[in-house]
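So the chains spell out like this:
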Amino acid sequence: MKKYLVAFLLIMAMLGVSSCVSVKPDQEQSKAESSETPAESGPAESSEESKPFESVQETSESEEPTFEITGGSSQSEAEILQTNVRYTGKYREGEVWVAFKTGSKEEVDYSVTLENLTPGSKYLEANLYDENGTIQKPDSLNYNREHNNNTIAEAKESGRASTGWIKTLKPNTTYYLQLKGGSKAEYSLRITDPNLGYIPKNEDRMTVTDANQLDVASDQDRAPFLDLNTRYQGKYVEGYTWVAFTTGDGEDVNYSVTVENLTPGSKYLEANLFDEYGTIQKPDSLNYTREHNTNTIAEAKESGRAATGWIKTLKPNTTYYLQIKGGSKAEYSLRITDPNLGYIPKNEDRMTVTDANSLDVASDQDHAPILDLNTRYQGKYVEGYTWVAFTTGDGEDVNYSVTVENLTPGSKYLEANLFDEYGTIQKPDSLNYTREHN
């Protein structure tokens, strides 16, 4: 079976120099090696479904009610909500009270999810009480409290959902949520009974149709859907931006998220992965070094190198969310890859260098021009990070070589680093020089 691979060379130096570059395969080949497949984890958990209790209207993914919260000004005037329904509301001032009734089962792990939908606003918090006004402390949280040590949910301006879980609520009992905040804000709220088997979400979010103009949202709740194995290009301006994707029906799939900064001189861009509740999903492996956040699944720097994280614990047919934020304005590319689809998306618009005496380069991996094998190219290095690419032939176990020569007397070093489509460095098997810089 023929194998083709696009590889990338990053060429960098200390001073402006002239150089020549060539990439060629060795004439001697050895027998083929077997390909290595990453280890897979065990089977996914099965979900338990049960009949919903009488006080709750059963919902489905195709017909999900979405209601506007009015709320009461005190616990005695609390507006009754259904469980497993997505509500939206507008917080103005003071306290807003709502209530819900639990089902007939004991030790149910109920959750309260709150999301701030207004960029630039302050926090919103939710506190849970019983009928006597005794606060009900959650058993677990997926966020860090900043304003109150008893909250069951606290939504910040990042647009990320915040969720608290509690399994000590009594069956067939009414409980009360007090909502209050630091400023006016729109929000979404949902109280989830896992026995109903469905996590309510916003079904009105759009799907991005133009891959060259990536639309984003300012919050998780309205994040537009992206297709898998598609290269998207967008412009980051400021704040928190969100997109979403849905996994396929395969289990234990090793999904990857790849982000690339396309703007020389800009600062970092980072991507964080969350589930519907706002719980961060930590990657199993990375091909980069984190500098700004210990939980990122991708962090793209000004070098133009692709940064990729892999994760194989995502559930099938489930929506996940990417939060993208950065240190400055920048253009970027993004792709979420399902290896079961058998295709690694890349930029098909990159040019091929036709004049070997005038080597064109790019400032990022995504736009690196294609070079022919076994051709001597001559170029001029000026500054920053420069990129070119080449495609391997159909032979297996070919001993390719990369040769770089500095043609400018008195200049400093030039170095070349080799990467694959994901931005993973490819280390050479042998060298004819002594490394000094990398």
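About the criteria used
Residues numbered from 1 in each chain as written. Predicted model: local features only at pLDDT ≥ 70, side-chain atom pairs only at ≥ 80, totals over all residues. Heavy atoms only, no water. Helix = DSSP H or I, 4+ residues; strand = E, 2+ residues; numbered from the N terminus. Contact = heavy atoms within 4.5 Å. Areas by Shrake-Rupley, 256 points an atom, 1.4 Å probe, with all protein chains shown as cover. 1 Å grid on protein atoms, 1.4 Å probe; cavity = no way out; pocket = protein on both sides within 12 Å on 5 of 7 lines; lining within 4 Å. Points joined across faces, edges and corners; volume = space filled by probe spheres on them. Pairing = 2+ DSSP bridges. Axes fitted to C-alpha atoms, helices over the stretch in contact; angles between N-to-C directions. Salt bridge = Lys/Arg side-chain N within 4 Å of Asp/Glu carboxyl O. Buried < 20%, exposed > 50% of the residue type's maximum accessible area, 1.4 Å probe, protein only. Phe/Tyr/Trp six-rings, centres within 6.5 Å; stacked < 30°, edge-to-face > 60°. pLDDT = per-residue confidence, 0-100.

**Q** Could you clarify how one ought to interpret the overall build of the protein in this entry?
**A** A tally of regular secondary structure across the protein gives 0 helices and 27 strands. The long-range fraction of contacts in the protein, counting pairs at least 24 apart against all pairs at least 6 apart in sequence, stands at 73%. Surface exposure of the protein reaches about 22200 Å², of which carbon and sulfur atoms provide 43%.

**Q** How should empty space enclosed by the protein be read in this particular structure?
**A** A probe as big as a water molecule, rolled over the atoms, marks out the empty space that is left. What the rule picks out here adds up to 1 cavity of 30 Å³ or more. Counted as a void, the largest cavity has a volume near 30 Å³. In terms of lining residues, the largest cavity is bounded by Tyr91, Leu114, Leu124, Glu125, Leu179, Lys180 and Tyr187. Sorting the residues of the lining of the largest cavity by element identifies strand S8 (124-129) and strand S12 (174-181) as the ones contributing at least two each.

**Q** What exactly am I supposed to notice about the sheet that holds strand S19 (residues 298-300) here?
**A** Pairing between the strands of a sheet is mediated by backbone hydrogen bonds and can be parallel or antiparallel. Across the sheet, 4 strands lie side by side as S15-S21-S17-S19; this open sheet has antiparallel pairing. Every other strand in the sheet has two partners, leaving strand S15 (241-246) and S19 as the edge strands with one partner each. Here the strands of the sheet are splayed against their neighbours by 20° on average, with no regard to which way each runs. Here strand S17 (residues 269-274) runs beside S19; their pairing, made up of 3 bridges, is antiparallel. Directly across from Ala271, in S19, lies its bridge partner Ala298.

**Q** Hey, could you run me through the pattern of salt bridges in this one?
**A** Scanning the entire structure with this criterion turns up 9 salt bridges. Its salt-bridge partner being Asp219, residue Arg222 comes within 2.8 Å of it at the nearest N-O pair. Arg222 sits in the partly exposed class, given a relative accessible area of 36%. Here Arg231 and Asp366 are joined by a salt bridge, their closest N and O atoms 2.2 Å apart. Note that Arg231 is positioned in the loop between strand S13 (185-192) and strand S14 (232-236) and Asp366 in the loop between strand S22 (330-337) and strand S23 (370-371), a separation of 135 residues in sequence. Owing to a relative accessible area of 2%, Asp366 belongs among the buried residues under this scheme.

**Q** Looking at this structure, I do not really get the packing of aromatic side chains. What am I missing?
**A** Any aromatic ring pair is given by two values, namely how distant the centres are and how the planes are angled relative to each other. In this structure the tally under the stated criterion is 8 aromatic pairs. Measuring from ring centre to ring centre gives 5.4 Å for Trp165 and Tyr277, while their planes differ by 55°; the resulting arrangement is tilted. Note that Trp165 is positioned in strand S11 (residues 162-166) and Tyr277 in the loop between S17 and strand S18 (285-286), a separation of 112 residues in sequence. This pair shows no difference in class: Trp165 is buried, exactly as Tyr277 is.

**Q** Teacher, can you tell me more about unusual backbone geometry here?
**A** Comment: phi is negative for the bulk of residues other than glycine, and the bulk of peptide bonds are trans. Even without glycine at this site, Glu107 takes up a positive phi of about 55°. Following the sequence through the fold, Glu107 ends up in the loop between strand S6 (96-101) and strand S7 (110-116). The exposure class assigned to Glu107 is exposed, which follows from its relative accessible area of 68%. The backbone phi angle of Asp397 is positive, close to 55°, even though this residue is not glycine.

**Q** Looking at this structure, how should I read the sheet that holds strand S4 (residues 79-80)?
**A** Here we have 5 strands laid out as an open sheet, ordered S4-S6-S12-S8-S10, and mixed in their pairing. If you trace the sheet from one side to the other, it starts and ends with S4 and strand S10 (153-155), each paired once. Where S4 and S6 come together, 2 bridges link them in parallel fashion. Bridge pairing in S6 links Ile80 to Ala99.

**Q** I keep staring at the confidence of the model for the protein and nothing clicks. Help me out?
**A** Do not read the fine detail of predicted coordinates wherever pLDDT is low. Across the protein, pLDDT averages 85, with 82% of residues at or above 70. Every residue in residues 28-64 scores below 50 in pLDDT, and together they form 55 contacts with partners more than four places removed in sequence or on other chains.

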